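# Fold and contact review
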Amino acid sequence: MNHLDNLSDIDAANVVRCARTLLRRPMLRTDGPDGELLSLVYRHRATLQDLFAGLLGYRLVVERRFARLYKSGPGHDDTRGVLSMSPRGYAYLALTLAVLTGIGRQTLLSRLVADIRSAAAEAGINAPDDVTERRALTAALRHLVSLGVLQETEGSVAQDVLPQEALITIDTDLLGQLVTGPVGEAESPAHLVELAARPGPRGIEHAVRRRLVETPLVLYADLPAEQADWLRRNQRKETALLEQAFGLHTECRVEGVLAADPEDFLTDLSFPGVSTVARLTLLALPELLDGEEEDAPARHVVTAERLREVCAGLVEDYPAAWSKQFTDDLDRLVAEVTELLRRMGLAARADDGSWSVSAAAHRWLPSPDGDPEREQQQPEPVVVPEVPSWSLFDEENVS
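The present account deals with the structure reproduced in this document. (Residues numbered from 1 in each chain as written. Predicted model: local features only at pLDDT ≥ 70, side-chain atom pairs only at ≥ 80, totals over all residues. Heavy atoms only, no water.)

## Here we look at the pairing of strand E2 (residues 59–62)
By the bridge criterion, four bridges tie E2 to strand E3 (residues 66–70) in an arrangement that is antiparallel. Residue pairing in the sheet places Val61 in a bridge with Arg68 of E3. The antiparallel hairpin formed by E2 and E3 contains three residues in its connecting segment. (Pairing = 2+ DSSP bridges. Helix = DSSP H or I, 4+ residues; strand = E, 2+ residues; numbered from the N terminus.)

Here you go:
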C-alpha cells in the first residue's frame, strides 16, 4: 500500500521531507534543529504515523511542542551510537535518566552529579572522580542538553569536566518520551537490548527495511538466511519504495544493497569526506584491495600489519597534507581509519586481529582525473585563412 497515493504532489513532497527529518532527528522539538518543520509534521501527523507504522513498524508520537519517532534498538550493533559517546558515557546516560525521574523540575548541577554517582554506587558501578570519568559524565549530560531534556537555566554544563555550578531545568515531557526500550518487560540488561531490537509486526519485511534505512550498507552475508532471501526477491520493489517514501537511492550488487541519500542528510557519517581520516581511508582502499577485482569474494582479508603499512606509506608520501595530530600518532590514525571502515559496514575485525574488507568497497575506489605521464602536448591548431565569398552587397561589373 502506498501511503502517498491520495496526496497532492505538494503534500506528498512535504510528507517525505518530514519523514526524512524524523529519521535524522527522532526527537524533534520547536527549539531544536529543524524545529521549524514541527508544524508541518503536526499537520501531516496521521499520514506520517501510518507511513512509519506500515513501512518500518515504528511508532510516532506528535504533540504541539515535539515529535518523537520510536525506532528499534540496534541490538549488538554498536555502529549506530552517538559518535561523541563512549561506552562509559552511555553508562552515565542510563544512570542520569534513572536519577532524573525523581529529581523534580529543577536542580543544581552539583546535586545532579552527586546523585548520579550515588546511583552508580547503588548499582555496583565503580565511578571514581577522575578526568576520564568526568569527561564521560559530561558527554552524557551534554547529550541530554542537545536533546532538550536538560536546559541550562543559569550557568552551563561545561565541555571540560564539570567544574562550574549551574542551575538545570528538566523538561519532564521530553524525559518521559526519551526511552524507547520496554524497560518494564526486561529481566536483565541483555534482555532489554534483545527486546528493544525486536523486528516489527511484519517480521522479516520490517527487519530488513529497518536495516536498509538505518545502516549505510547491508550485506547478504551479514543477514540471516531468510532475510537475505527476502531481500534478493524484493530488490526492485524496495528500491522504488525507499526512494518514494524517504528519498533514498539504492544500489544493488552481488554482495548486498546500499541505500544512499543523495543530499547526505540522513547520515551523521560522511564518506568520502574532507577530514584527514576520511581522505586517508579513501586513498588506502586501492592498496587494501590490491589485486582484487569487483567480482572477487565478498570479503578480502587484510592483516593488521598491512593496514599499518598502508597508512604509514600515505603519511610518508604526503606529510604536509594531513593533520599533525594523526601524523604524529600512527596508532591513533590506524584505529580511526579502521573504525570509519567498520562504521560504514565496509570492514569487520576477525578474532586474530585481521580485518575483512567488503568487496563493496570497490564502489569508493578513487579514480585519477588523468595520467600526466601519458598526456602529450597537443599540437597548435592550424589556422586556415578564410576564403572570401560573394555577398549580396558586393559590387559586380557587368559588361
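Next comes the rest of the description.
## Focus on unusual backbone geometry
A positive phi is found at Asp34, a non-glycine position, where the angle reads about 60°. Here Asp34 is to be found in the loop between strand E1 (27–29) and helix H2 (38–43). Positive phi values are uncommon outside glycine, yet Asp264 reaches one of about 55°. Examined against the element boundaries, Asp264 turns out to sit in the loop between strand E9 (256–260) and helix H12 (276–288). The exposed category is assigned to Asp264, whose relative accessible area is 55%. (Buried < 20%, exposed > 50% of the residue type's maximum accessible area, 1.4 Å probe, protein only.)

## Some words on the environment of Arg363
Along the chain, Arg363 falls in the segment after strand E12 (355–358). Distance in space between the C-alpha atoms of Arg363 and Glu251 is 10.0 Å, their sequence separation being 112 residues.

## Quick look at helix H13 (residues 304–317)
Helix length check: H13 (14 residues) gives 20 Å between terminal C-alpha atoms against 20 Å at 1.5 Å per residue, within 8%. Within H13 the residues assigned to the buried category are Leu307, Val310, Cys311, Leu314 and Val315. Take H13 and look down its axis: the buried residues cluster within an arc of 135°, on one side only. For H13, the exposed residues set more than 90 degrees away from the buried face come down to Glu305, Glu309, Glu316 and Asp317. Residues of H13 that are buried in the fold lie against H12, strand E10 (299–302), helix H14 (324–327), helix H15 (330–343) and E12. (Expected span 1.5 Å × (residues − 1). Arc of directions from axis to C-beta. Contact = heavy atoms within 4.5 Å.)

## Some remarks on the nonpolar core
Residues Leu22, Leu48, Phe52, Leu231 and Phe246 are the most contacted members of the largest nonpolar core, which totals 39 residues. Element by element, the count of residues in this core is highest for helix H1 (residues 9–24), at seven residues. Built from parts of two domains, this core gets at least three residues from each of domain 1 (9–70) and domain 3 (199–260). Leave out the neighbours within four places in its chain, and Leu22 touches Leu28, Val41, Leu48, Phe52, Leu60, Ala67, Leu69 and Lys71. Counting residues in each nonpolar core, the second largest holds 36 residues, with Leu97, Ile103, Ala127 and Leu137 among its members. (Core = buried A, V, L, I, M, F, W, Y, C linked by side-chain atoms within 4.5 Å. Domains from an automatic or database assignment.)

## A look at the packing of aromatic side chains
A complete count under the given rule lists one aromatic pair for this structure. Positioned above the aromatic ring of Tyr42, the side-chain terminus of Arg45 is 4.0 Å from the ring centre. Residue placement shows Arg232 over the ring face of Tyr220; its charged tip is 4.1 Å from the ring centre. (Phe/Tyr/Trp six-rings, centres within 6.5 Å; stacked < 30°, edge-to-face > 60°. Lys NZ or Arg CZ within 6 Å of the ring centre and 35° of its normal.)

## Things to note about the packing of helix H4 (residues 87–100) against helix H6 (residues 131–147)
Direction vectors running N to C along H4 and H6 enclose 60°, while the axes themselves pass 8 Å from each other. Here H4 is positioned oblique relative to H6, judged by the angle of their axes. As for how H4 packs across H6, the hand of that crossing is right-handed. Contacts between H4 and H6 involve Arg88, Gly89, Tyr92, Leu93, Thr96, Leu97 and Leu100 on the former and, on the latter, Glu133, Ala136, Leu137, Ala140, Leu141, His143 and Leu144. Class assignment of the residues belonging to the contact of H4 with H6 gives a composition of nine nonpolar, three polar and two charged. (Axes fitted to C-alpha atoms, helices over the stretch in contact; angles between N-to-C directions. Parallel < 35°, antiparallel > 145°, perpendicular 65-115°, else oblique. Left-handed = near helix turned anticlockwise from the far one by under 90°. Nonpolar A, V, L, I, M, F, W, Y, C, P; charged D, E, K, R; others polar.)

## Here's the deal with the sheet that holds E12
A sheet is described by the order of its strands in space; here three strands give the open sequence E10-E12-E11, paired in antiparallel fashion. Bordering the open sheet on either side are E10 and strand E11 (347–349), each of which pairs with just one other strand. Between one strand and the next, the sheet's axes are offset by a mean angle of 25°, whatever the strand orientation. Bridge count for E11 against E12 is three bridges, and the pairing is antiparallel. Opposite Arg349, over in E12, you have Trp355 as the bridge partner.

## As for the pattern of salt bridges
For the structure shown, the criterion picks out 25 salt bridges. Across the salt bridge formed by Asp171 and Arg65, the nearest N and O atoms sit 2.5 Å from each other. You can see Asp171 sitting in the loop between strand E6 (167–170) and helix H7 (172–178) and its partner Arg65 sitting in the loop between E2 and E3, a full 106 residues away along the chain. Residue classification places Asp171 among the buried residues on the basis of a relative accessible area of 7%. The shortest N-O distance in the salt bridge between Asp173 and Arg65 comes to 3.3 Å. Residue Asp173 is located in helix H7, and its partner Arg65 is located in the loop between E2 and E3; the two are separated by 108 residues in the primary sequence. By relative accessible area, which is 39% here, Arg65 ends up partly exposed. (Salt bridge = Lys/Arg side-chain N within 4 Å of Asp/Glu carboxyl O.)

## Points about the sheet that holds E9
On the basis of which strands lie adjacent, the open sheet formed by three strands has the order E7-E9-E8 and antiparallel pairing. Of all the strands in the sheet, just strand E7 (217–219) and strand E8 (249–252) have a single pairing partner and so form its edges. Direction aside, neighbouring strands of the sheet carry axes that sit 15° apart on average. The pairing of E7 with E9 spans three bridges and is antiparallel. From the neighbouring strand, Leu219 faces E9, where its bridge partner is Gly256. Strands in contact with helix H11 (residues 235–246) are E8 and E9; relative to E8, the strand with the most contacts, it is inclined by about 160°.

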